[in-house]
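In case you want the letters, here they are:
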Amino acid sequence: MALALSASEVKAVLAAAPARAPVSRVLMARPDFFAVETAINPWMKDAAGNLHRVNRDLAQAQWAALKAAYETAGLGVEVIEAGEGLADFCFCANQSFPFHDSHGRPGVILSRMKSETRAPEVAYYERWYSRRGWRLHTLSPAVSSFEGMGDAIWHPARRVIFGGIGPRTSEAAWPEVSRIADVPVIPLRLEDPAFYHLDTCLACLNAESALWIEAAFDAPSRQRLKAAFPSLIDISAADAANFACNAHCPDGRHVLLQRGSAATVSELKRRGFEVMEVETGEFLKSGGSVFCLKLELP
Ligand code: ARG
């Protein structure tokens, strides 16, 4: 089954899918040219309607501390050099979707960015993969946009992906992604422009639980998520605005997230997770936090 649409299809797909190993490696991109230049999401302007100003030195320090936090959690971190002059390049969840095919061979689907300002980023990632011998795939012209792991999120324990449909990724992407990567997809429709990538409103924790912003999804998508996870933690509006759903749990144990989401943090601790709060304040000004700043490598 390529796409799981009903609650019973979601359950069937998860029951049949092979297990997936925890994430042990991430890719990060240096924020050397990071800036807030074009407002392509609602977080990039302040209340007065002006673009946020970023402190690039502070952004570099926050980025280095996030990298160190991944290393402390026991993950390997690979680094791709920044694309010359590209303001959003450091959000490296978005330019590609890497996977291992059913024979364990590395392949990658290159993104088709929604905005012109981000389109040139993809060629740098393409080069990074091709130098390492990954098999490259692109989607057909019928797919108007696809933003990689911003919208394609692995189920934490099964070889199944959740596929966001919304401001950045078109519905037509999912049958193609499913075919190329040979993996079933649970499509999820995003309804709120503030939560423009799936990784802004869903953070998978383990086979049983995930953080979500329920109001960000349409009704059938809520049903699919309820079928997938026995325990969904709906976070508060304050924590949602602090990008708590852009948390990353690579291994079912450590949860890395932006500092300051007290209610979410205490709920995670109560459930036994090892919470690692990090500061990504400069990147929040661009509408991104932990999950966006790294790419899971298979
Ligand atoms: N300014 C970037 C954009 O709007 C932020 C991307 C954040 N990435 C993410 N996966 N949510 O594209």
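Heads up: these notes are all about the structure in this document.

1. Comments concerning the sheet that holds strand β10 (residues 209-212)
Part 1: Reading across the sheet, the 3 strands line up as β9-β10-β11 and stay open at both edges, with mixed pairing between neighbours. Two strands close off the open sheet at either side, each with one partner strand: β9 (202-204) and β11 (231-234). Averaged over all pairs of adjacent strands, the angle between their axes in this sheet comes to 20°, without regard to strand direction.
Part 2: The sheet strands contacting helix α5 (residues 219-228) are β9, β10 and β11, and the helix crosses β10 at an angle near 150°.

2. Concerning the nonpolar core
Part 1: Core analysis: the largest hydrophobic core is formed by 47 residues, its most contacted members being F162, L202, L211 and F217.
Part 2: Those elements giving two or more residues to this core turn out to be α1 (7-16), β8 (185-189), β9, β10, α5, β12 (254-258) and α7 (262-270).
Part 3: Setting aside its immediate chain neighbours within four residues, F217 contacts L188, R189, L190, E191, L198, C201, L202, W212, R222 and L225.
Part 4: The next biggest cluster of nonpolar side chains, apart from the first, holds 33 residues, and it includes A29, C92, L139 and I165.

3. A word on α5
Part 1: When α5 is considered as a whole, its buried residues turn out to be S221, R224, L225, A227 and A228. Along the axis of α5, the buried positions cluster into a sector of 160°, meaning they face one direction only.
Part 2: Considering only its buried residues, α5 is in contact with α1, β7 (161-165), β8, β9, β10 and β11.

4. Structural notes on the packing of aromatic side chains
Part 1: All chains considered together, the criterion is met by 14 aromatic pairs.
Part 2: An angle of 80° between the planes, with centres 5.8 Å apart, marks the rings of F146 and W174 as edge-to-face. With a gap of 28 residues between them, F146 in the loop between β5 (135-137) and β6 (152-154) and W174 in helix α4 (residues 173-181) connect regions that are remote in the sequence. Of the two residues, F146 and W174, neither departs from the other in class, the shared state being buried.
Part 3: Aromatic rings pair up to connect F34, F91 and F283 into one cluster.
Part 4: Between the NZ or CZ atom of R127 and the centre of the ring of Y124, over which it lies, the distance is 5.2 Å.
Part 5: The ring of F291 has K294 sitting right over it, with the charged end atom 3.4 Å from the ring centre.

5. Let's talk about the site of the ligand
Part 1: The immediate surroundings of the ligand are formed by 17 residues, with N41, R118, R168, D199 and C292 found nearest.
Part 2: In the environment of the ligand, a nitrogen atom lies 2.9 Å from a nitrogen or oxygen atom belonging to the side chain of H197.
Part 3: Taking S286, its side chain carries an N or O atom lying 2.8 Å from a nitrogen atom of the ligand.
Part 4: Here the residues of the shell around the ligand are counted per class, giving 5 nonpolar, 8 polar and 4 charged.

6. Side note on the environment of T138
Part 1: Relative to the assigned elements, T138 resides in the loop between β5 and β6.
Part 2: Separated by 38 residues in sequence, T138 and E176 have C-alpha atoms that sit 9.4 Å apart.
Part 3: The contacts of T138, once residues within four sequence positions are left out, are L110 and I180.

What counts and how
- Residues numbered from 1 in each chain as written.
- Predicted model: local features only at pLDDT ≥ 70, side-chain atom pairs only at ≥ 80, totals over all residues.
- Heavy atoms only, no water.
- Pairing = 2+ DSSP bridges.
- Helix = DSSP H or I, 4+ residues; strand = E, 2+ residues; numbered from the N terminus.
- Axes fitted to C-alpha atoms, helices over the stretch in contact; angles between N-to-C directions.
- Contact = heavy atoms within 4.5 Å.
- Core = buried A, V, L, I, M, F, W, Y, C linked by side-chain atoms within 4.5 Å.
- Buried < 20%, exposed > 50% of the residue type's maximum accessible area, 1.4 Å probe, protein only.
- Arc of directions from axis to C-beta.
- Phe/Tyr/Trp six-rings, centres within 6.5 Å; stacked < 30°, edge-to-face > 60°.
- Lys NZ or Arg CZ within 6 Å of the ring centre and 35° of its normal.
- Near = heavy atom within 4 Å.
- Polar contact = N/O pair within 3.5 Å; in protein donor to acceptor, adjacent residues only side chain to side chain.
- Nonpolar A, V, L, I, M, F, W, Y, C, P; charged D, E, K, R; others polar.

The values reported here are purely geometric and, on their own, carry no functional implication.
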